[in-house]
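This is what each chain is made of:
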Protein chains: 4
Amino acid sequence: MEKHIHITPESKATFHNNADFCVGTGRMGLAMQEEYQKQLALAQELAGFRYIRGHGLFCEDMSIYQTAPDFKGGWKFAGYNFTYLDRVVDSYLEKGIRPFIELGFMPGAIASGTQTIFYWKGNTTPPAKDEDWVNLVKATLNHLVERYGYEEVVTWPCEVWNEPNLPGFWENADKEKYLHLYEITAPAVKEVLPEMKVGGPAVCGGETTPDWIRDFLTFCRDKKLPLDMVTRHLYMGNTPERKGRYMYHTMRTVDSIIEEAEGTRAIIDSFPEYKGMELHITEFNTSYNPFCPIHDTNLNAVLTAGLLSRLGDTCASYSYWTFGDVFEEGGVPPRPFHGGFGMIANQLIIKPTMWTFAFFNNLKGEPVYRDDNMVLVRRKDGSYQGVAWNICQENRDAITLNVTLPLSGKQSLMQRIVDEECCNPLKAWHEMGEPASLTKEQLQFLKDAGQPLCKTALLEGEEISFALELKQNALVQFTVNPVKGEPDEGYDYQWYVEHA
Amino acid sequence: MEKHIHITPESKATFHNNADFCVGTGRMGLAMQEEYQKQLALAQELAGFRYIRGHGLFCEDMSIYQTAPDFKGGWKFAGYNFTYLDRVVDSYLEKGIRPFIELGFMPGAIASGTQTIFYWKGNTTPPAKDEDWVNLVKATLNHLVERYGYEEVVTWPCEVWNEPNLPGFWENADKEKYLHLYEITAPAVKEVLPEMKVGGPAVCGGETTPDWIRDFLTFCRDKKLPLDMVTRHLYMGNTPERKGRYMYHTMRTVDSIIEEAEGTRAIIDSFPEYKGMELHITEFNTSYNPFCPIHDTNLNAVLTAGLLSRLGDTCASYSYWTFGDVFEEGGVPPRPFHGGFGMIANQLIIKPTMWTFAFFNNLKGEPVYRDDNMVLVRRKDGSYQGVAWNICQENRDAITLNVTLPLSGKQSLMQRIVDEECCNPLKAWHEMGEPASLTKEQLQFLKDAGQPLCKTALLEGEEISFALELKQNALVQFTVNPVKGEPDEGYDYQWYVEHA
Amino acid sequence: MEKHIHITPESKATFHNNADFCVGTGRMGLAMQEEYQKQLALAQELAGFRYIRGHGLFCEDMSIYQTAPDFKGGWKFAGYNFTYLDRVVDSYLEKGIRPFIELGFMPGAIASGTQTIFYWKGNTTPPAKDEDWVNLVKATLNHLVERYGYEEVVTWPCEVWNEPNLPGFWENADKEKYLHLYEITAPAVKEVLPEMKVGGPAVCGGETTPDWIRDFLTFCRDKKLPLDMVTRHLYMGNTPERKGRYMYHTMRTVDSIIEEAEGTRAIIDSFPEYKGMELHITEFNTSYNPFCPIHDTNLNAVLTAGLLSRLGDTCASYSYWTFGDVFEEGGVPPRPFHGGFGMIANQLIIKPTMWTFAFFNNLKGEPVYRDDNMVLVRRKDGSYQGVAWNICQENRDAITLNVTLPLSGKQSLMQRIVDEECCNPLKAWHEMGEPASLTKEQLQFLKDAGQPLCKTALLEGEEISFALELKQNALVQFTVNPVKGEPDEGYDYQWYVEHA
Amino acid sequence: MEKHIHITPESKATFHNNADFCVGTGRMGLAMQEEYQKQLALAQELAGFRYIRGHGLFCEDMSIYQTAPDFKGGWKFAGYNFTYLDRVVDSYLEKGIRPFIELGFMPGAIASGTQTIFYWKGNTTPPAKDEDWVNLVKATLNHLVERYGYEEVVTWPCEVWNEPNLPGFWENADKEKYLHLYEITAPAVKEVLPEMKVGGPAVCGGETTPDWIRDFLTFCRDKKLPLDMVTRHLYMGNTPERKGRYMYHTMRTVDSIIEEAEGTRAIIDSFPEYKGMELHITEFNTSYNPFCPIHDTNLNAVLTAGLLSRLGDTCASYSYWTFGDVFEEGGVPPRPFHGGFGMIANQLIIKPTMWTFAFFNNLKGEPVYRDDNMVLVRRKDGSYQGVAWNICQENRDAITLNVTLPLSGKQSLMQRIVDEECCNPLKAWHEMGEPASLTKEQLQFLKDAGQPLCKTALLEGEEISFALELKQNALVQFTVNPVKGEPDEGYDYQWYVEHA
């Protein structure tokens, strides 16, 4: 396929780039791991996210609601313990990322039931007594304010619970009980931090989501509850099939996902009180399963690119679930590649989707072009930068994008190319025989295999034209910079190109 | 061009791999620079050299022979000062590399003349008084023994002066005076460290070298002087032409260089007393000029590969001049690429030749094949590793090497490819407009552009066969490892290759 | 109190210094934490241990015995998973420390019961089927051999279970069942690694230990089981009292502990087959409770010094439980100081006992003096180094040690002093008001407050004499080095001492 | 001596703290050294300076004015070369410090004469042609703007030349020629950066300074030249005596130095056009000689404290000459301590004066007390911080400062004490025998010996009172923080203080 894109000085496009607002992570307790911190540092170096959101703030391994033996054979509350919370939040702030708070799950000691979720057993039942929960929330926020300062903490968004419309995450997916939880929690948040953004209902999945959001908004409006943002999740996977612990499913199209976001936007805007209120997609990805091999593929990278180019039209943020593979919801990862959510595999191997965010988060400037394969912006310094991609869901054709830019004189074109041939560590690992434990040699090779191919060209003319070749599931960053200055006197690059 | 290489279990080849023994460096005083140390750390990480040799041990900037004002308007000897020597040697040993000592040049305060060489003005005249020189040598060696221990220091080879057959490096290229210098220096070394290897004459260039070596050996034999190794230099450049500060020349062939080494070997072996004595090429490179653009090219990488595959037949070591571009003989580097000797450009951009050493220094095992394009070894663990290259001096043809290995079952092939298209930071820099100061974006791109392309394949059969494609001036490392273990139950790599 | 110690050239003493052989750690899963790794790196920098031993190799958080949903509502074995084991062992070896393997506890999925121990719930029941356990042990060792090599892994000692004589650690403290466990485990170890050292019974506490050891040795002898070492634990605490989660008890004397070690030694030596067999104290400390404030005190440092000076007489190793405060047996540490076992408090504050190991692990040379307050060795380089201490259990008197050494000429004395006044971060923290969360300023102050006071003196004479002042619970490292060389010409230190 | 200091809620004092504005450094070329960068990183960690000023921007080793052989036996201009300038400025900005530009010395190739200064031979003659100099200045500033941006570079102050009133620094100390240099330079600066602060005359020494400043201001006024700041230097040393390369002199008093600054202030203010114009002391120290042992003493630290407490009354900045001992004006440092200017000795040993800046640069808040021994500020958080010192020039008496603060309830007092007994690495080195090369053991000891002693106390009452003991040449930082929160339930610090 071939396309011609002709940019003029007047070209304009709509493109809202909120890709760097937030990224997802496994449970907060995992943030104490060294491997997690190394992966986060790498993600921040490459893509620079502003907020991070994950589960498990109040789970046992964080030990905030701390119990101790009462020496009568039982346990008693032993004070709030912020040792681990401080450790995690310190580590985030040092890396230039801030918490997007998710309030949950329930400490077992104050829970009304014993239902848990995941390998790491988060309790997903309402509090036995409301006040224990409210006190926990307020004590935690108060501690954060004391340690990090009001000005800092007030900028962290705060979401109440996670996916209460799924019975695994909230006992019986009981909507009444969730609305009650919100009713007691949102005011508690505002009591400590009146200007902190609070919201919900953090729902997931296509069927029940519209009703939940409508009922949630109605409830908030009727009860005059604090509400600053609406949150939901978005995944692309169709009905899966299962083999062993792995899950396989085809993906919906980008169009279909975008329509779903627009649907939620429309619901919100249908409430006069909430028209234009921020919609945050607090989780999104292709598959919703942490053992789905698609996450490690180049296809995943380009599907994500398709979403990043359009989700900003309706959403204030969209948080990719998750940045790294230190993640245990379905159990401990058995091999370096196992279909984990992460953009970085364990042992710091970069997966293709990491580059999607690296490229989009750097894409700042005035939008001049957007279609299903490309976004282009004009940068402040008079240069252009774009990201192009080729999603191969139904067909596998390569695409040639012929681009013309309104630039003259000498221009330098730099491309970073991520495709199945030149930047595909999953394939390399497969062709090593899918080892569970990597030798140093194998690990280094896989890290190297996760680097994009670099290409350059020196362009000149009254207009600048060039072609981008997008092979199957290719993702390309391209930058056109004006050439400045003169070669050094006597320096002749061509000499050794011609002689030998 | 196409070649077929069929390895059997009985295949054997001659290949002496001394590529990691030593590497060259600019003057010792530069080793205090942070950029130098970063480049050395990178070179050691990639290639792991054992010794390092450079000029300037006794130059003013090291201040070993230290003078101070006598407050009568003149200067007087103020004691030996090892502050900087300690700093440099500490930094070497911390990086796992040891000094290959070159005794020179002459401290101005004890020199007989004022002739200097280089931008940094090394004095290249004999000592005014022999004893000042001998005391300086002994004091320095004694200090090293005291600080680092006899057992350590005695392993460092020691060469007397540098290129005395060139008038710039030794006043009038006066052979008698050099032989006298050796006559007083070698015994001084042995007085402090009886088992330290000492040698010379460190000559350079085709014309006078044979005579110098013959006369040097005759002199040592007749005078019964200590002598443990013969040293000389080897450069490939034909007569150059000059443009501005840059120099351009075609290169001799690998064959021609190897013959020259064999000639020296033959001279040494013609002395019964010295037959088989170690020959160290204490400097080699393509061009002998630090402003010759060839050093930054892929051609340079493959010419070096050609030499590394054969120099071990006659030489105990061959020290590439130099590991990095922190180098000032011809002045301060004006741009990131400027034809400097280094395998690493300033700001840590890897040039293609660095990979030649990375690949060869890792090539350990039993040699099974060698020709003008490839060396192959069988590794202890039953796998194979090879390096292949395609020198394009007269023609530019690609080469296909069809390799068959005596392996069966599943095997994994990993390739790292360095060629003009996929790993050519010089070209990228040229196509940026040859900037003198790099932006962060440009620097990162050039670093990335210096990474090899990674390719893999999963092979299976009763014999293993594969083809290596060597484009113009390509350098390829390839490794074939047996596949161990089984895929994880239910993991199906093909699923997403086939579906989308 | 004042003592006179006169060393002559003939002075000799008995002193076996095995203090650096091994150190203890919390459960293996915690080794993935970044804070743990930082503390370990610091401990290694200061004291350089060779082995590390902790619990929890087979606990759920390491996920070696991995289960997955069977999608029929239950769980099934899903293969061994060494992802985390590799991560932990890699991190150890990178820091120059090797595992002292403790085989335990029982994966819940193959356990015969549900009894667990600790906040982190280690299952402490025998295997339901012996073969599941044996297979687990062998698979783990085989994996280690494959990844790290036989030569490496065979040097790691291997202990069967932990404290089976305590009902919490082994259901009903059932001795028969422990002997059976050993009977199936030791041969399994030897099957994989015939030369690996294997042993037990890892018992703890004064009362039942002698019987257990006697019965264990009898059993091994009668059954001709593999046995290379006997292991037990030693703690100094008398009967405690409790306040909240904290425990307080006075300590037994060093003499009493040494006698207990001698008792075990005598039991072993009473078996002709086992006479002289290595005895490893695989855990020791003052209190056996992780919420006992003594661990943070200077008293703890000097009690430990008393033990380190004498335990080598009977024991091949004695492993301080534990190096750091990343530890969760009794719950998550609520404050920086909380009486945790560690020699390093969370956030890298050095406690006094860390210096005991730093000083002893450096104490290498020919022993020339030992008493209850001091050990002195003559070092290879002609200098002397000693450690002195003053245990204040019953009285609080300072001690003056007047030391005379058989040295003449100029000598330099360096002291590092750790006592309640000059190196007592616990006191500093208490006087800050015992904060749970530290400000950066407080943290830096506590780190600085954990540094010894440095003192020097320049001594001269025909003999060298000096006095060491040991205040209450003081620990002092002192080194006497001969002064070499001459001052720089014209340098006059006294000038500014006298003028101003 | 005893003093009583009673602070009330109303207490106020004058104290302008500009101590962190700027620090001095040796010539710019040294900034490429690794040791220099490590020392700078340490200084920044401890004291956090905002600007850095040194000589040698245009000296040969920076190679900005670059020459190359003309191949006719001579040299020719080969373009400006900013390779090294970029490297240095990059390294500064990465460490959070910016250049305080000093324009000088003269590149030999454009100089009118051959007079040089220092071991490293800075040419100190006027330009042969004005335009070569002006072009050099403008090209350099233009390059900086292009690389770092106008907004950044415009904040860097710019001083014309160094100490032109001394014949060594400016041929014949020719005032007319300096004024001419300023006349051509200041407008050149403004041409590139209209808002950059430019000034002079950077004079040094008591005798000629007033006249130079007066004439300089008159000249600028009459010629209507750009002028944003007046600069001069201040050193405390009386007439020295010399021994070998070392210099010894008594120091003037702090009062006398402050008077000199006031004198300059008065001259400036006597010009209506320049009244209140910023006065920058672009160099100050005790001795002006880099081989004067006072720099390494505790006396130096307290003299500096005396100055820092008062110089802000008249001066916008006062730049201590120099932060570290990577410095070569008088030759390469022969030993770790040699009386160098630095606050950090080579190999990263902290000298007492470093703490003076660490303490003062942290002293932010509302001044409430100042006298000759102490400055105290009230911090935003309701706590107090002070620095106290005891200068022992004529007498050696200790001082007791009894301080009462208007605080009630529990307060925590933290002290860091630097005095001749507890933080005196120079004494430790002397008592090691003044070694030229340090063993690792000696180096570590000296680093540790450079750490302050930490003391704490828990205070309580309706007013808070405590005593600071200032021994000879003591420097003390003290902080009083309110105690927050409650001890953990059951935690009893006293138990082990009382029992054992």
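These numbers come from a predicted model, not from an experiment.

Participant: Help me out: how do you make sense of the relation of the copies chain A and chain B in this one?
Facilitator: Relating one copy of the chain to the other requires a rotation about an axis plus a shift along that axis. Superposing chain A onto chain B takes a rotation of 180° plus a shift of 0.0 Å along the axis, which leaves an RMSD of 0.0 Å. Such values leave the two copies arranged in the relation of a two-fold axis. Identified as the residue of chain A closest to the rotation axis by C-alpha distance is L453(A), at 3.6 Å. Of the residues that chain A buries at the interface, 100% are likewise interface residues in chain B, meaning the two copies contact each other through the same surface.

Participant: It is not clear to me how the interface of chain C and chain B should be interpreted in this structure. Could you clarify?
Facilitator: When the parts of a complex come together, some accessible area is lost, and that lost area is often taken as the interface size. At the interface, 4 residues of chain C touch 4 residues of chain B. The shortest N-O distance in the salt bridge between K76(B) and E489(C) comes to 3.7 Å. At the boundary of chain C and chain B, one finds 0 residue pairs in polar contact (both at pLDDT 80 or more).

Participant: For this particular structure, what's the right way to read the sheet that holds strand 25 (residues 464–470) of chain A?
Facilitator: Whether parallel or antiparallel, the strands of a sheet pair through hydrogen bonds between backbone atoms. Residue and element names in this part refer to chain A. Spatial ordering of the open sheet is given by 1-22-25, a layout of 3 strands whose pairing is mixed. Two strands lie at the open edges of the sheet, namely strand 1 (2–6) and strand 25, each paired on one side alone. For this sheet, the mean angle separating the axes of adjacent strands, direction not counted, is 15°. One ladder, built from 5 bridges, connects strand 1 with strand 22 (residues 399–405); its direction is parallel.

Participant: What is the right way to read the interface of chain A and chain B from this model?
Facilitator: Listed as interface residues are 69 residues of chain A and, on the opposing side, 69 residues of chain B. A combined buried area of about 6000 Å² lies between chain A and chain B, and 55% of that area is made up of carbon and sulfur atoms. Our count for the chain A to chain B interface comes out at 8 salt bridges. The salt bridge partner of K243(B) is D492(A), with a shortest N-O separation of 2.6 Å. Applying the counting criterion to the chain A and chain B interface returns 30 residue pairs in polar contact (both at pLDDT 80 or more). Elements supplying a minimum of two residues to the side of chain A that touches chain B: strand 13 (241–243), strand 14 (246–248), strand 23 (409–418), helix 10 (425–431), helix 11 (440–449), strand 24 (453–461), strand 26 (475–482) and helix 12 (493–498) of chain A. The class makeup of the residues in the side of chain A that touches chain B is 30 nonpolar, 19 polar and 20 charged.

Participant: Whenever I open this one, the packing of aromatic side chains confuses me. Can you help?
Facilitator: Here a ring pair, both rings aromatic, is described through the centre-centre distance and the interplanar angle of the planes. For the structure on display, the rule yields 152 aromatic pairs over all chains. Between W161(A) and W170(A), the aromatic rings sit 5.0 Å apart at their centres with planes inclined by 70°, giving edge-to-face as the arrangement. W161(A) sits in the buried class, given a relative accessible area of 0%. Looking at W170(A), the relative accessible area reads 1%, which means it is buried. Feature note: the residues F58(A), F105(A), F118(A), W120(A), W133(A), W161(A), F169(A), W170(A), Y178(A), Y182(A), W212(A) and F216(A) constitute an aromatic cluster, connected by ring pairs. Positioned above the aromatic ring of Y248(C) is the side chain of K243(C), whose terminal nitrogen or guanidinium carbon lies 5.4 Å from the ring centre.

Participant: Please explain unusual backbone geometry as it appears in this structure.
Facilitator: What is expected of a backbone is that most residues other than glycine have negative phi and most peptide bonds are trans. Of the consecutive residues W321(A) and T322(A), the connecting peptide bond is found in the cis state with omega at 15°. One can find T322(A) in the loop between strand 16 (317–320) and strand 17 (344–345). One non-glycine residue, N172(B), lies in the positive phi region at around 65°. Tracing the sequence through the fold places N172(B) in the loop between strand 10 (158–160) and helix 5 (175–192). Take N172(B): its relative accessible area is 63%, and that puts it in the exposed class.

Rules used throughout
- The residue count restarts for each chain, going from 1 along the sequence in the order it is written.
- In the order they appear in the text, chains get letters beginning with A and ligands get numbers beginning with 1.
- pLDDT decides what is reported in this predicted model: residues at 70 or higher carry local features, side-chain atom pairs at 80 or more are listed and counted, and totals for whole chains, interfaces and linings draw on all residues regardless.
- Side-chain descriptors were evaluated using all non-hydrogen atoms of the structure, hydrogens and water having been removed beforehand.
- When the copies are overlaid, the least-squares fit takes in C-alpha atoms only where the residue has pLDDT of at least 70 in both copies.
- For this analysis, residues touch if any pair of their heavy atoms sits within 4.5 Å.
- A carboxyl oxygen of Asp or Glu within 4 Å of a side-chain nitrogen of Lys or Arg is what we treat as a salt bridge.
- Side-chain atoms alone can form a polar contact between residues adjacent in sequence; in general such a contact is a pair of N or O atoms within 3.5 Å, and within protein one must be able to donate a hydrogen while the other accepts it.
- We call two strands paired when DSSP finds no fewer than two bridges between them.
- Counting from the N terminus, the helices are DSSP H or I runs at least four residues long and the strands are E runs at least two residues long.
- Structural elements are reduced to axes, namely lines fitted to C-alpha atoms, with helices fitted over the stretch in contact, and the angle between N-to-C directions of any two is expressed from 0 to 180 degrees.
- Summed over both partners, the accessible area lost on bringing two parts together, with a 1.4 Å probe, is the buried area.
- Gly is put with the polar residues, along with every residue not named as nonpolar or charged; the nonpolar set is Ala, Val, Leu, Ile, Met, Phe, Trp, Tyr, Cys and Pro, and the charged set is Asp, Glu, Lys and Arg.
- Pairing of aromatic rings covers Phe, Tyr and Trp, the last through its six-membered ring, and needs centres within 6.5 Å; plane angles under 30 degrees mean stacked, over 60 mean edge-to-face, and all others mean tilted.
- Between buried and exposed lies partly exposed: a residue is buried under 20% and exposed over 50% of the maximum accessible area for its type, with that area taken using a 1.4 Å probe on protein chains only.
- Criterion for a charge above a ring: Lys NZ or Arg CZ within 6 Å of the ring centre, and within 35 degrees of the ring normal.

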